[in-house]
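For reference, the chains in residue letters:
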Amino acid sequence: MKRLVSSIVAIGAVIALGIIIAVAFGNAAPEKKLMKKHPYVFSQSKEVLKTRQDTYTKKDGCVYLAWPETKNKTTDGLIDAFIQEGKSAYEKAAEAEAGKAKKQRRIPRLVVDYTAVKEEGYTAIELFYELGRYQPDGTGEAITRKEAHFYLDEAGAEMGLNALLGEETEEKLELMLRSSGKKLEDLKDFKLADGQLELIWAESTETFGVEEIRRAGLIDPNKPMIALTFDDGPGKLSKKFADLFARYGGHATFFVVGTNVLNFPEELKYLYEMGNEIGSHTMRHKNLNKLSAEGVRKEVEDADNAIQEVIGKKPDLMRAPYGNANSTVMNVMARPQINWSVDTEDWRSRNAQSVKNEILKGAGDGEIVLMHEIYQSTYDGLEMAIEELAKQGYQFVTVSELMRYRNVTPEVKIYHSFLK
Ligand code: ZN
């Protein structure tokens, strides 16, 4: 009997304890539940700098902080200011949640985290804060995400554009931005990655290739310039064309076909990395005037995506096949359609001497010359002509460079040349 009583007591105690645990866990603060069951995992890529870290709950929400400590007080101050911005955004969000009806209320969560990569000559930091509202089960949504980029020298001091990309970089960028009306002095941030510089203003961004910037100052606005353009690639000859232009310190514009981009991605990358401009010649080289708006859109977007996949950005310029761009086509393309003022008819002649003659016959300051990069005869003819043009003082520029030096703001219309 005694044993039975003690067993009942023991079972009762176990049940009571179970209930206590269940109640305690059930009533645990939602933010603690979220933190325990669905913690934020900090990024691992920060081995080059000393990391400070802090995790806590505040105002019924969760805060995760990880930030770098540099060897420079000014930089640390800037980093701190950015974190403070994130914290005040969090405070506001937490107050907003507290003011909501219980059913609508979510758990505010602030994450401050960063990645740091050591590059040649500098360390690149991408610091960000992300503010979100969540359920205890981890589902939720981000409210804001902001990034700040820092480029540090050996001493941990922040490097500006000139320090990073060379003297006169800012001067060159001012020139390159002239037609956009944007000013460097209003810049909020910039990001340098994968050979591209992204300039970030409050409301917009602009991206330039590092190679494009490097050579921007080398063009003399008082000397004649010509835009040599090549359609229907990329292909087996692309690298040879890029090397030929490199030999003369010049560049060209290549209007590429999406299906060829899929077959020759390396060739396209080479053209671009050598500083040439890549324009779109659509995905499948159809006569766009015969397609519906939807059909045109597919041709344009597929090519944009194929090109972006390789060079990291969508082309700014287009050349519809055969130069056929009616108003429907123009609306869908929504960017300048670049036709030509000099037609070499290289596809018809397939003859190097004839290509050379046509180039030299049509050459002039501000002209746009049409060729195709898929014929050996075009390459051979160009090689002869370019030597002659260089002797005459011509500079070989991309279409965008020509526009810039002629003070033309790109519009959605058809251009044939940019004469003085
Ligand atoms: Zn074509």
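The rules we used
Residues numbered from 1 in each chain as written. Predicted model: local features only at pLDDT ≥ 70, side-chain atom pairs only at ≥ 80, totals over all residues. Heavy atoms only, no water. Helix = DSSP H or I, 4+ residues; strand = E, 2+ residues; numbered from the N terminus. Expected span 1.5 Å × (residues − 1). Buried < 20%, exposed > 50% of the residue type's maximum accessible area, 1.4 Å probe, protein only. Contact = heavy atoms within 4.5 Å. Salt bridge = Lys/Arg side-chain N within 4 Å of Asp/Glu carboxyl O. Pairing = 2+ DSSP bridges. Axes fitted to C-alpha atoms, helices over the stretch in contact; angles between N-to-C directions. Donors = N, O, S within 2.8 Å, 3.2 Å for Na, K, Ca; no water. Parallel < 35°, antiparallel > 145°, perpendicular 65-115°, else oblique. Left-handed = near helix turned anticlockwise from the far one by under 90°. Nonpolar A, V, L, I, M, F, W, Y, C, P; charged D, E, K, R; others polar. Arc of directions from axis to C-beta.

Asks: Looking at this model, I keep getting lost on helix 14 (residues 376-391). Mind explaining?
Replies: Count 3.6 residues to each turn of an α-helix, and residues three or four apart come out pointing the same way. When the terminal C-alpha atoms of helix 14 are compared, their 23 Å separation across 16 residues agrees well with the 22 Å that a helix rising 1.5 Å per residue should span. Of the residues making up helix 14, those classed as buried are Ser377, Thr378, Tyr379, Gly381, Leu382, Ala385, Ile386 and Leu389. Among the structural elements, strand 9 (225-231), helix 7 (238-247), helix 12 (346-349), helix 13 (352-362), strand 14 (368-372) and strand 15 (395-396) are those in contact with the buried residues of helix 14. Looking one or two residues past helix 14, Gly393 carries a phi angle of roughly 90°, positive in sign.

Asks: What am I meant to see in the pattern of salt bridges here?
Replies: Once their charged atoms are close, side chains differing in charge can pair, the charge on each being opposite to the other. Enumeration over the complete set of coordinates arrives at 27 salt bridges. Note that Lys59 and Glu91 form a salt bridge whose closest N and O atoms lie 2.8 Å from each other. In this pair, Lys59 sits in the loop between strand 1 (50-58) and strand 2 (61-69) while Glu91 sits in helix 3 (residues 73-98), placing the two residues 32 residues apart along the sequence. For Lys59, a relative accessible area of 40% gives the class partly exposed. In this structure, Glu206 engages Lys182 in a salt bridge whose closest nitrogen and oxygen atoms are separated by 2.8 Å. One end of the pair, Glu206, is in strand 8 (residues 205-209); the other, Lys182, is in the loop between helix 5 (169-176) and strand 6 (189-193), with 24 residues separating them in the sequence.

Asks: How should the sheet that holds strand 2 be read in this particular structure?
Replies: Two pairing modes exist for strands in a sheet, parallel and antiparallel, and in both the strands are linked by backbone hydrogen bonds. Pairing in this open sheet of five strands is mixed, and the strands run 1-2-3-4-5 from one edge to the other. Unpaired on one side and paired on the other, strand 1 and strand 5 (140-152) mark the two borders of the sheet. Neighbouring strand axes in the sheet, compared pairwise and without regard to direction, differ in orientation by 15° on average. Bridge count for strand 3 (residues 107-119) against strand 4 (residues 122-134) is 13 bridges, and the pairing is antiparallel. Bridge pairing in strand 4 links Glu119 to Tyr122. Its contacts with the sheet place helix 2 (residues 30-37) against strand 1, strand 2, strand 3 and strand 4, and it is angled at close to 50° to strand 2. Its contacts with the sheet place helix 3 against strand 1, strand 2, strand 3, strand 4 and strand 5, and it is angled at close to 10° to strand 4.

Asks: Mind showing me how you'd approach the coordination of the zinc ion here?
Replies: For a metal with four donors in a tetrahedral arrangement, the ideal angle between donors is 109.5 degrees, while six donors in an octahedron ideally sit at 90 or 180 degrees. Looking at the metal site, the zinc ion is ligated by Asp232 (OD), His281 (NE2) and His285 (NE2), spaced 2.1 to 2.2 Å from it. Coordination of the zinc ion draws on donor residues from a single chain, spaced D-x48-H-x3-H in sequence. A relative accessible area of 22% places His285 in the partly exposed class.

Asks: Which parts of the structure should I look at to understand the packing of helix 13 against helix 14?
Replies: Packed helices, taken two at a time, are described by the angle their axes make and the gap between the axes. Two elements in contact, helix 13 and helix 14, have axes separated by 7 Å at closest approach and are oriented at 40°. Relative to helix 14, helix 13 is oriented oblique. Where helix 13 crosses over helix 14, the two elements pack in a sense that is right-handed. Counting all contacts with helix 13, which are made through Ala352, Gln353, Val355, Lys356, Ile359 and Leu360, the residues of helix 14 involved are Ser377, Thr378, Asp380, Gly381, Leu382, Met384, Ala385, Glu388 and Leu389. Partitioned by chemical class, the residues of the contact of helix 13 with helix 14 number eight nonpolar, four polar and three charged.

Asks: What is the right way to read unusual backbone geometry from this model?
Replies: Peptide bonds are trans in most cases, and residues, glycine excluded, mostly fall at negative phi. Along the chain, Gly233 connects to Pro234 via a cis peptide bond; the corresponding omega equals -5°. Checked against the element boundaries, Pro234 lands in the loop between strand 9 and helix 7. Residue Glu168 is not a glycine yet carries a positive backbone phi of 70°. Here Glu168 is to be found in the loop between helix 4 (161-165) and helix 5. Classification of Glu168 as partly exposed rests on a relative accessible area of 46%. Phi angles above zero are rare outside glycine, and Asp232 is one such case at about 75°. With relative accessibility at 15%, the residue Asp232 sits in the buried group.

Asks: So what exactly am I meant to see when it comes to helix 9 (residues 265-273) here?
Replies: All of the buried residues along helix 9 are Glu267, Leu268, Leu271 and Tyr272. Down the axis of helix 9, the sector holding all buried residues measures 135°, keeping them to one side.

Asks: Whenever I open this one, the pairing of strand 7 (residues 196-200) confuses me. Can you help?
Replies: One face of the sheet, then the other: side chains in a regular strand alternate in exactly this way. Of all the five residues making up strand 7, four are buried; the element is thus mostly covered by neighbouring parts of the structure. Taken together, the five bridges between strand 6 and strand 7 define a ladder with antiparallel strand orientation. Paired with Ala193 across the strands is Gln196, a residue of strand 7. Hairpin connection, strand 6 to strand 7: the antiparallel pair is bridged by two residues, and Asp194 has positive phi, about 55°. The sheet contact formed by strand 7 and strand 8 spans five bridges and is antiparallel. Bridge pairing in strand 8 links Glu198 to Thr207. Hairpin connection from strand 7 to strand 8: four residues lie between these consecutive antiparallel strands.

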